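Coordinates in review
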Amino acid sequence: MTPNDADPAASTGTPDAKPAIRPLVAGNWKMNGLQEALAQALAVKEAIAASKPATDVMICPPATLLMVLAELSKGGLALGGQDCHAAQSGAHTGDLSAEMLRDSGATAVIVGHSERRADHGETDAIVRAKAEAAHRAGLIAIVCVGETEGQRRAGQTLKVIARQVANSLPREATAANTVLAYEPVWAIGSGLTPTVSDVAEVHTAIRGYASERIGPAAAAMRLLYGGSVKPSNAAELMAADNVNGALVGGASLKAPDFLGIIEAYGS
Ligand code: PGA
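Now for a look at the structure at hand. (Residues numbered from 1 in each chain as written. Predicted model: local features only at pLDDT ≥ 70, side-chain atom pairs only at ≥ 80, totals over all residues. Heavy atoms only, no water.)

**Focus: the sheet that holds strand β1 (residues 24–28)**
Spatial ordering of the closed barrel is given by β1-β2-β3-β4-β5-β6-β7-β8, a layout of eight strands whose pairing is parallel. For this sheet, the mean inter-axis angle between neighbouring strands, taken without regard to orientation, is 25°. Taken together, the four bridges between strand β4 (residues 108–111) and strand β5 (residues 140–145) define a ladder with parallel strand orientation. Residue Val111 lies in a different strand from β5, and its bridge partner there is Val143. (Pairing = 2+ DSSP bridges. Helix = DSSP H or I, 4+ residues; strand = E, 2+ residues; numbered from the N terminus. Axes fitted to C-alpha atoms, helices over the stretch in contact; angles between N-to-C directions.)

Quick look at the structure:
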């Protein structure tokens, strides 16, 4: 993946800044994708090789497809894992280390996705340990945060996000090795999205929380929005303050939809 080549000095770090951060559109295939899915990834790879979008593009397939995709896409498409264990190796049946993902061709890994937090009881401390493991292996950590519907209704959104950012983000995180993804749990897979102004409010707050945690590096850190992103809403979401790309679930499974989002984000 092309490193985030934003010049931190070009940004003042003010909350409403829209510095020259190269966007990232990452597709999270979740537990979807048998061999046939490789054709979707190849279609994306070929389209972006031809159109050279103004955004980095990544697919996070199931780990079973990483190695073959890395071989097929040969650097044209960045690849990420969907989770990693905090340890480098050891007696952890069924788990994968960040080093193994790197070895399979990944340059990034998602950590702390709400489905992992909910289904596997992952706490902020566990997520932080996984992000640190990603850094140890030289991977970009895509750290996910987001409130549940109940928390939003109770007016707890910013409090929850502040806690998640403070506790999930390694203190040594930089704009080059870490991406933060805001994914309201209630927006994932539901077809619902927050309003653009709600997204802007939360993203601006996240940049502030990240800056409290890691300092000036937060100014150039990519903040992705995720949750029911599709070609028809991608452009307006991208235009929101402090949104620097998208983490896309369902719509990343079909190349035309994913490419529609890339076009909206990269134009
Ligand atoms: P969705 O998923 O785009 O299908 O809502 C997003 C995600 O979980 O990353």
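Still more to cover.
**Looking at unusual backbone geometry**
A positive phi angle is found at Lys52, which is not glycine, with a value near 45°. Mapped onto the fold, Lys52 is located in the loop between α1 (38–51) and β2 (56–60). The exposed category is assigned to Lys52, whose relative accessible area is 65%. Backbone geometry at Asn242 places phi at a positive 65°, although glycine is not the residue there. (Buried < 20%, exposed > 50% of the residue type's maximum accessible area, 1.4 Å probe, protein only.)

**Topic: the pattern of salt bridges**
Applying the stated rule across the entire model yields 15 salt bridges. Its salt-bridge partner being Arg22, residue Asp56 comes within 2.7 Å of it at the nearest N-O pair. One end of the pair, Asp56, is in strand β2; the other, Arg22, is in the segment before β1, with 34 residues separating them in the sequence. Judged by relative accessible area, which is 5%, Asp56 ranks as buried. You can call Arg22 partly exposed: its relative accessible area is 25%. Residues Asp198 and Arg152 are paired through a salt bridge, measuring 3.4 Å at the closest nitrogen-oxygen approach. You can see Asp198 sitting in helix α8 (residues 196–214) and its partner Arg152 sitting in helix α6 (residues 149–153), a full 46 residues away along the chain. Asp198 gets classed as partly exposed once you look at its relative accessible area, which sits at 24%. Each of Asp83, Arg116, Glu122 and Lys130 takes part in salt bridges that share partners, so that together they form one network. (Salt bridge = Lys/Arg side-chain N within 4 Å of Asp/Glu carboxyl O.)

**A word on the environment of Gly227**
Secondary-structure assignment places Gly227 in the loop between β7 (222–226) and α9 (231–238). As a C-alpha pair, Gly227 and Gly121 span 106 residues in sequence and 20 Å in three-dimensional space. For Gly227, the residues in contact, after removing those within four places along its chain, are Glu183, Ala187, Ile188, Leu192, Thr193 and Leu247. (Contact = heavy atoms within 4.5 Å.)

**Quick word on the site of the ligand**
Surrounding the ligand, one finds 13 residues, the nearest of these being Lys30, His113, Glu183, Gly189 and Ser228. At 2.6 Å from an oxygen atom of the ligand is found a side-chain nitrogen or oxygen belonging to Glu183. One nitrogen or oxygen atom from the main chain of Gly249 is found 2.8 Å from an oxygen atom belonging to the ligand. For the ligand, whose unbound accessible area comes to 280 Å², protein coverage reaches 95%. Per-class residue counts for the shell around the ligand are four nonpolar, seven polar and two charged. (Near = heavy atom within 4 Å. Polar contact = N/O pair within 3.5 Å; in protein donor to acceptor, adjacent residues only side chain to side chain. Areas by Shrake-Rupley, 256 points an atom, 1.4 Å probe, with all protein chains shown as cover. Nonpolar A, V, L, I, M, F, W, Y, C, P; charged D, E, K, R; others polar.)

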